[in-house]
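Below, each chain spelled out in residue letters.
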Amino acid sequence: MTQTNTYDVLIVGGGLAGLSCALHLSKHDCKVLLIEKQSYPHHKVCGEYVSNEVLPYLNSLEIDPFQFGAKKITNFEISSKTGTLLSTKLPLGGFGMSRFALDNLLYEAVSSNIDILFDTVENIDFNTNFQVSTLTKQVFTAEYVVGAFGKRSNIDTALHRPFMQQKSPWLAVKAHYKADFSNDTVGLHNFKGGYCGLSRTETNAVNACYLTTYESFKRFGNIPDFEAAVLSKNPHLKQFYNTATPLFEKPLTISQISFQVKQPVEHHIFMVGDSAGLIHPLCGNGMAMAIHSAKIFAETYLKHRKNGTKDREALENTYTLLWNQTFLKRLHTGRKIQKLLLHPTATSVGFSVAKLFPSIVPSIIKKTHGAPLV
Ligand SMILES: Cc1cc2nc3c(=O)[nH]c(=O)nc-3n(C[C@H](O)[C@H](O)[C@H](O)COP(=O)(O)OP(=O)(O)OC[C@H]3O[C@@H](n4cnc5c(N)ncnc54)[C@H](O)[C@@H]3O)c2cc1C
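Residues numbered from 1 in each chain as written. Predicted model: local features only at pLDDT ≥ 70, side-chain atom pairs only at ≥ 80, totals over all residues. Heavy atoms only, no water.

## Side note on the overall build of the chain
Piece 1. Of regular secondary structure, the chain possesses 11 helices and 17 strands.
Piece 2. Here the chain has a C-alpha radius of gyration of 21 Å; the compact-globule value for 374 residues is 21 Å, and the two agree.
Piece 3. The C-alpha extent of the chain, read off along each of the three principal axes, is 60 × 40 × 40 Å.
Piece 4. Here the chain, with 374 residues, has 56% of them falling under the buried criterion.
Piece 5. Total accessible area on the chain is roughly 16800 Å²; 54% of this is exposed by carbon and sulfur atoms.
Piece 6. A gap of 9 Å separates the mean positions of the 38 positive and 29 negative side-chain charges of the chain. (Helix = DSSP H or I, 4+ residues; strand = E, 2+ residues; numbered from the N terminus. Rg over C-alpha atoms; globule rule 2.2 N^0.38 Å. Buried < 20%, exposed > 50% of the residue type's maximum accessible area, 1.4 Å probe, protein only. Areas by Shrake-Rupley, 256 points an atom, 1.4 Å probe, with all protein chains shown as cover. Lys, Arg positive; Asp, Glu negative; His and termini not counted. Charge placed at Lys NZ, Arg CZ, Asp CG, Glu CD.)

## Some details on the nonpolar core
Piece 1. The biggest cluster of nonpolar side chains holds 100 residues, and the ones touching the most others in it are Leu10, Ile11, Leu25, Ile124, Val145, Phe297 and Tyr301.
Piece 2. Take this core: its biggest share by element is 11 residues, from helix α8 (residues 286-306).
Piece 3. Those residues in contact with Val145 that lie beyond four places of it in its chain are Leu10, Val12, Ile124, Phe130, Val132, His268, Ile269 and Phe270.
Piece 4. If you look at the next biggest cluster of nonpolar residues, it comprises 22 residues, including Ala175, Phe191, Tyr241 and Phe248. (Core = buried A, V, L, I, M, F, W, Y, C linked by side-chain atoms within 4.5 Å. Contact = heavy atoms within 4.5 Å.)

## Quick word on the packing of aromatic side chains
Piece 1. In total, this model carries 22 aromatic pairs according to the counting rule given.
Piece 2. Both rings, one in Tyr210 and one in Phe226, keep their centres 6.1 Å apart while their planes meet at 35 degrees; by these two values the pair is tilted. A residue pair is termed long-range when its members are at least 10 positions apart, and Tyr210 in strand β13 (residues 206-213) and Phe226 in helix α6 (residues 223-229) qualify at 16 residues. For the pair shown, Tyr210 and Phe226 are each scored as buried.
Piece 3. Connected via pairs of aromatic rings, a cluster forms that spans Tyr144, Phe270, Phe297, Tyr301 and Tyr319. (Phe/Tyr/Trp six-rings, centres within 6.5 Å; stacked < 30°, edge-to-face > 60°.)

## With respect to the packing of α8 against helix α9 (residues 312-341)
Piece 1. Where α8 contacts α9, the axes come no closer than 10 Å and their chain directions differ by 155 degrees. As the angle between them shows, α8 and α9 are arranged roughly antiparallel. Both α8 and α9 take part in a crossing whose hand is right-handed. Facing Met289, His292, Ser293, Ile296, Phe297, Thr300, Tyr301 and His304 of α8, the residues of α9 in contact are Arg312, Leu315, Thr318, Tyr319, Leu322, Trp323, Thr326, Phe327, Arg330 and Leu331. (Axes fitted to C-alpha atoms, helices over the stretch in contact; angles between N-to-C directions. Parallel < 35°, antiparallel > 145°, perpendicular 65-115°, else oblique. Left-handed = near helix turned anticlockwise from the far one by under 90°.)

What follows is the structure, encoded as structure tokens:
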């Protein structure tokens, strides 16, 4: 597509939030530019279990993950760090698909309908309209900017966002494996100081992704030793890591994962996905929230545009209200569950209670998920 320098909406970041937002707006005759710093496809550190909450919405955007081999996931199993196992049906269910394939699927669906630039955004300035400049010194003007730049970006530093002032103790490791694991199950296995998610992807590879603290990890200094000494104390993880064959040359890692509160609108930028707030990964709902927040922005913006109003403040207030109504409670519940799971006594009491009253697990899952989007 030809690039002109002025846009209705400029989206910074082409992960699931940015791409869904672009795809939605592209169906309504908006002039959209999406700037993404990495080419497609690429792997990302993620558990790769997507809640069905967003499946009807993805279908409405003409995206069908099952056509591309996504695995239908209906069951959930969770184990304590000593291996006590609880299994349940997932209230909504979901699908397993690698970020390599899913992000690329959305990119291919939108790439011929909007302008896409592969570059790194360095600055976003606002003065009645936005001026966005990139690493390669290109400058674009836009009426609205959507911040879809993920959990931590150079833009957060440039904007002096408060959560960047504090160090985060969390890091994550992910790789694909050839392994024996059910197609229809997502596993969440706890170990001292963290937890590991297991689920199958469209290539049949099993994705193993864990979150832990730098404090736990630093005594070992390398991934294989950490997995052998810490994760493998959980018998389910021991069995997995002892028998699985790695399919990546080496695992992907990320650090400084912050779960601090952020705002849905900052510096007049509409934040979607992790830029607005990251739910604890054990909820398995960050991707659905990223896609859902993109839908909320796109719908609110389109309504505002249809009304012909130029009231920026009203749009910002409506988006903030809807975002808070939809996600604040889930983020809060996610924080509480994570705290509980990492507390040894609380976890052992929790597992004993859940063994006696198995319906507790699905009802907790429901608290971090929404109804299917139409
Ligand atoms: C360990 C872990 C496990 C998880 N497991 C799951 C799970 O199983 N299920 C689930 O639903 N969620 C999970 N999540 C959450 C999920 O990964 C995120 O919520 C989701 O990726 C958010 O999508 P996004 O589009 O907001 O951000 P991202 O996918 O991170 O996309 C942001 C994009 O912005 C680009 N970008 C950043 N800065 C710039 C810039 N300056 N210029 C241009 N481009 C830029 C990046 O390259 C990136 O492509 C997990 C998260 C973690 C940390």
